[in-house]
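An overview of the molecular structure
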Amino acid sequence: MEENVTIDRALEILSEYPLLSKTEEIPLFEAHNRISARQMISLVDNPPFDNSSIDGWAVIASDDPNKRVEISSIFAGDKTPPPLSSGDAFRIMTGAPIPKNADALVMVEDGINGQARNNFIRFKGENISKGEIALKQSSLLTPASLALLASVGHSTVSVFTKPIVSIIPTGNELISPGKELLDGQIYESNSITLSTLVKRAGAIPSVVDSIKDELNDLRDTLDYCASTSDLIITSGGVSMGDRDYIRKLLIEEGTPLFWKVKMRPGGPPIFGIWKDTPIIGLPGNPVSSYVVFLNLIVPWLSHPDLFYKKIRAHLQSQLKGAPEKTTFRRIKIESKDQLFASTHTHQGSGNIKSMVAHDALSILPPNTNGEVGDIIDALWLFD
Ligand code: AMP
Ligand code: MG
């Protein structure tokens, strides 16, 4: 087991246990926000034929503009018309095929004797040609990329099958919201965060009721989840406490691969294999588990474009970094003439309100504080 790894090293180890491996072919209409499993090739030229981008007339550029005679009309959906004779003009609508020898178009607004221009012709294959790559493997299927696939002839797309992800909150102190809070208890809130994030990642969450810090119950739950899911995410119990049993179980009875990552918040995650199933143990603090999910699980399980955009912003508040650790302070981005970042609440990793009051995370390199006026890297989170 490696200890105190960098984020890059953690991602490298995770990538050796790919979660996106099975594939399925699905209709484009069901594929929004899925990830393409294969490179997609254009089946046709797009556009498939030279056509008009305007309503107007198709003409021969060298003819005298004052002697043009309209002889008939061409509509979108018509077959390619016969060639023009000198002096003739075809009335043409947007999307209609252009006669073979017409080399210019006149806008309807300019009248039949108006200026003829060739930049109104959309040439066959000018967007993408047959056999060209339309979409790379592992692309996020957005409305635009789905439209591109449709326009080059695909009705279905091969995508990665949604992994099933078990989510196990752990801790004696946890009680479900809606119940009465007794002395020493707190409301359990990580499972809602994690299941929502798993859903957004394009996977299928399966949330288990919170488990007490008790070795046998935890072991049984891990066994059950290993047999029913592709990935297990736990929260709590991975740090240095005497009842941090997820760590203890994975190290003593599973195959641990790394423990502790050089990041703040979220230092103590543990990763390994339990009964052939990958398991990642997240720290229990609500901000920590969220931040670890974004940084370690998103690139492994999903596509970053579903979660954040990497930006650079001008700091307006001071940010405290950490020795040897990348620091993800919560910041609020304001988009004016440039992007500005500031903090508005205290930054404790137990304060989930800080994830609500802010919408981005600083990426402060190890041993670096952020000073007012610095330009820093950040992850601008989507809602
Ligand atoms: P742990 O990682 O188990 O040491 O927990 C760290 C902190 O996070 C403790 O204050 C826990 O009470 C809190 N915590 C652990 N799990 C959850 C949870 N599911 N929801 C909210 N807070 C939690
Ligand atoms: Mg605990």
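Worth saying up front: this structure is predicted, and the values here are computed from it rather than measured. Each chain carries its own residue numbering, running from 1 in the direction its sequence is written. In the order they appear in the text, chains get letters beginning with A and ligands get numbers beginning with 1. It should be noted that, the model being predicted, local features are given only for residues of pLDDT at least 70 and side-chain atom pairs only at 80 or more, the latter also being counted only at that level, while totals for whole chains, interfaces and linings use all residues. Neither water nor hydrogens contribute to the side-chain values; these are computed over all heavy atoms in the structure.

**Structural notes on the packing of helix 1 (residues 7-15) against helix 6 (residues 286-301)**
For the record, the criterion: Fitted lines through C-alpha atoms give the axes, limited to the stretch in contact for helices. The angle between two N-to-C directions lies from 0 to 180 degrees. Strands here mean DSSP runs of E at least two residues long; helices mean DSSP runs of H or I at least four residues long; both are numbered from the N terminus. Put simply, a crossing is left-handed when the front helix is turned counterclockwise from the back one by less than a right angle, and right-handed when it is turned clockwise. Contacts are assigned to residue pairs with any non-hydrogen atoms lying within 4.5 Å of each other. The classification used treats Ala, Val, Leu, Ile, Met, Phe, Trp, Tyr, Cys and Pro as nonpolar, Asp, Glu, Lys and Arg as charged, and all other residues, Gly among them, as polar.
In the contact formed by helix 1 and helix 6, the axes pass within 10 Å of each other and the chain directions differ by 35°. Seen along the crossing, helix 1 lies across helix 6 with a hand that is right-handed. In this structure, helix 1 uses Ile7, Ala10, Leu11, Leu14 and Ser15 to contact helix 6, whose residues at the interface are Asn295, Leu296, Pro299 and Trp300. Tallied by class, the residues present in the contact of helix 1 with helix 6 amount to seven nonpolar, two polar and no charged.

**What about the domain arrangement of the chain?**
Quite often, the size of an interface is put as the accessible area lost when its parts meet. Note the following rule: Domain extents, as shown, originate in an automatic or database domain assignment.
Each assigned domain of the chain is listed with its residue range as follows: domain 1 (2-21 + 162-305), domain 2 (23-45 + 135-160), domain 3 (51-122) and domain 4 (307-381). When each unit is reduced to the centre of its C-alpha atoms, the spacing between domain 3 and domain 4 is 57 Å.

**Some details on the pattern of salt bridges**
To keep things clear, this is the line we draw: When a carboxyl oxygen of Asp or Glu is within 4 Å of a side-chain nitrogen of Lys or Arg, the pair counts as a salt bridge.
Counting across every chain of the model gives 12 salt bridges. Linking Asp377 and Arg312 is a salt bridge whose minimum nitrogen-to-oxygen distance equals 3.0 Å. A residue pair is termed long-range when its members are at least 10 positions apart, and Asp377 in strand 26 (residues 375-381) and Arg312 in strand 21 (residues 308-315) qualify at 65 residues. Linked by salt bridges that have partners in common, Glu2, Arg9 and Glu12 make up one network.

**What to know about the sheet that holds strand 24 (residues 339-342)**
How we decide: Pairing between strands requires that DSSP locate at least two bridges from one strand to the other.
Here we have five strands rolled up into a closed barrel, ordered 21-24-23-25-26, and mixed in their pairing. Taking the axes of each pair of neighbouring strands and ignoring which way they run, one obtains an average angle of 50° across the sheet. Across four bridges, strand 23 (residues 330-335) lies against strand 24 in antiparallel orientation. Bridge pairing links Ile333 to Ala341 in strand 24. Each of strand 21, strand 23, strand 25 (360-362) and strand 26 is contacted by helix 6, which is oriented at about 125° to strand 21, the strand it contacts most.

**Concerning the side chain of Ser158**
Worth spelling out the cut-off: The buried label applies to any residue whose accessible area, calculated with a 1.4 Å probe on protein chains only, is under 20% of its type's maximum; exposed applies above 50%, and partly exposed to all values in between.
The topology assignment puts Ser158 in strand 11 (residues 156-160). Residue classification places Ser158 among the buried positions, given a relative accessible area of 2%. When neighbours within four sequence positions are excluded, Ser158 is seen to be in contact with Thr23, Glu24, Glu25, Ile35, Ser36, Ala37 and Arg38.

**Structural notes on the packing of aromatic side chains**
Condition: Here a pair means two rings of Phe, Tyr or Trp (six-membered ring of Trp) with centres within 6.5 Å. Their orientation is stacked below 30 degrees between planes, edge-to-face above 60, and tilted elsewhere. Note on criteria: charge over ring means Lys NZ or Arg CZ within 6 Å of the ring centre, with the direction from the centre no more than 35 degrees off the ring normal.
The tally for this structure, following the rule as stated, stands at four aromatic pairs. Consider the rings of Phe271 and Trp300, whose centres lie 5.5 Å apart with planes at 85°: the pair is edge-to-face. Highlighted residues: Phe271 in strand 19 (residues 270-274) and Trp300 in helix 6, separated in sequence by 29 residues. You'll find Phe271 and Trp300 in the same group, each marked buried. When the centroid spacing of 6.3 Å and the interplanar angle of 50° are considered together, the rings of Phe293 and Phe307 count as tilted. Of the two residues, Phe293 sits in helix 6 while Phe307 sits in the loop between helix 6 and strand 21, which places them 14 residues apart along the sequence. One exposure class covers both Phe293 and Phe307, and it is buried. Clustering of aromatic rings is evident, with ring pairs tying together Tyr17, Phe258, Phe271 and Trp300. The side chain of Arg200 reaches across the aromatic face of Phe307, ending 5.8 Å from its centre.

**Description of the site of ligand 1**
What counts, and what does not: Being near a molecule or strand, for a residue, means having at least one of its heavy atoms within 4 Å of it. In protein, a polar contact requires one atom able to donate a hydrogen and another able to accept it; more generally it is a pair of N or O atoms within 3.5 Å, and residues adjacent in sequence count only if both atoms are side-chain atoms. Throughout, the protein atoms alone are placed on a 1 Å grid, and a set of points is a cavity if a 1.4 Å probe fits but cannot get out or a pocket if it is open with protein on both sides within 12 Å along at least five of seven lines; lining residues have an atom within 4 Å of a point. Any molecule with more than half of its atoms within 2 Å of a cavity's or pocket's grid points is counted as sitting in it.
Contacts to ligand 1 come from 16 residues, most closely from Glu173, Glu188, Ser189, Gly237 and Gly284. Contact between ligand 1 and Glu173: an oxygen atom at 2.5 Å from a side-chain N or O atom of the residue. Here a nitrogen atom of ligand 1 and a side-chain polar atom of Asn190 are 3.4 Å apart. Applying the majority rule of atoms within 2 Å of the grid points places ligand 1 in the second largest pocket.

**Looking at the layout of surface pockets**
Regions of empty space are outlined by a rolling probe, equal in size to a water molecule, passed over the atoms. Quick note on the threshold: Grid points are joined across faces, edges and corners, and a volume is the space filled by probe spheres set on the points.
There is about 430 Å³ of room inside the largest pocket. If you trace the largest pocket, you find 21 residues lining it, with Ile7, Asp8, Asn295, Lys310 and Ile363 closest to the centre. When residues of the lining of the largest pocket are traced back to their parent elements, those giving at least two are helix 1, helix 6, strand 21 and strand 26. Grouping the constituent residues of the lining of the largest pocket by class yields 11 nonpolar, three polar and seven charged. Among the domains, domain 1 (2-21 + 162-305) and domain 4 (307-381) are the pair contributing at least three residues each to the lining of the largest pocket. Counted as a void, the second largest pocket has a volume near 280 Å³. Around the second largest pocket, the lining comprises 18 residues; the ones closest to its centre are Glu173, Leu174, Ile186, Gly284 and Asn285. A breakdown of the residues in the lining of the second largest pocket according to their chemical character gives four nonpolar, 10 polar and four charged.

**Observations regarding helix 3 (residues 190-200)**
Three or more residues of helix 3 are buried, namely Asn190, Ser191, Thr193, Leu194, Ser195, Leu197 and Val198. Buried residues belonging to helix 3 abut strand 12 (164-169), strand 15 (204-207), strand 16 (231-235), strand 20 (277-282) and helix 6. Immediately beyond the C-terminal end of helix 3, within one or two residues, lies Gly202, with a positive phi of roughly 90°.

**Things to note about unusual backbone geometry**
The omega torsion of the bond from Asn46 to Pro47 falls at -5°, within 30 degrees of zero and hence cis. By the element assignment, Pro47 lies in the loop between strand 3 (40-41) and strand 4 (51-52). For the bond from Arg264 to Pro265, the omega torsion is -5°, close enough to zero to count as cis. Here Pro265 lies in the loop between strand 18 (263-264) and strand 19. Look at Asp276: it is not a glycine, yet its phi comes out positive at around 70°. Checked against the element boundaries, Asp276 lands in the loop between strand 19 and strand 20.

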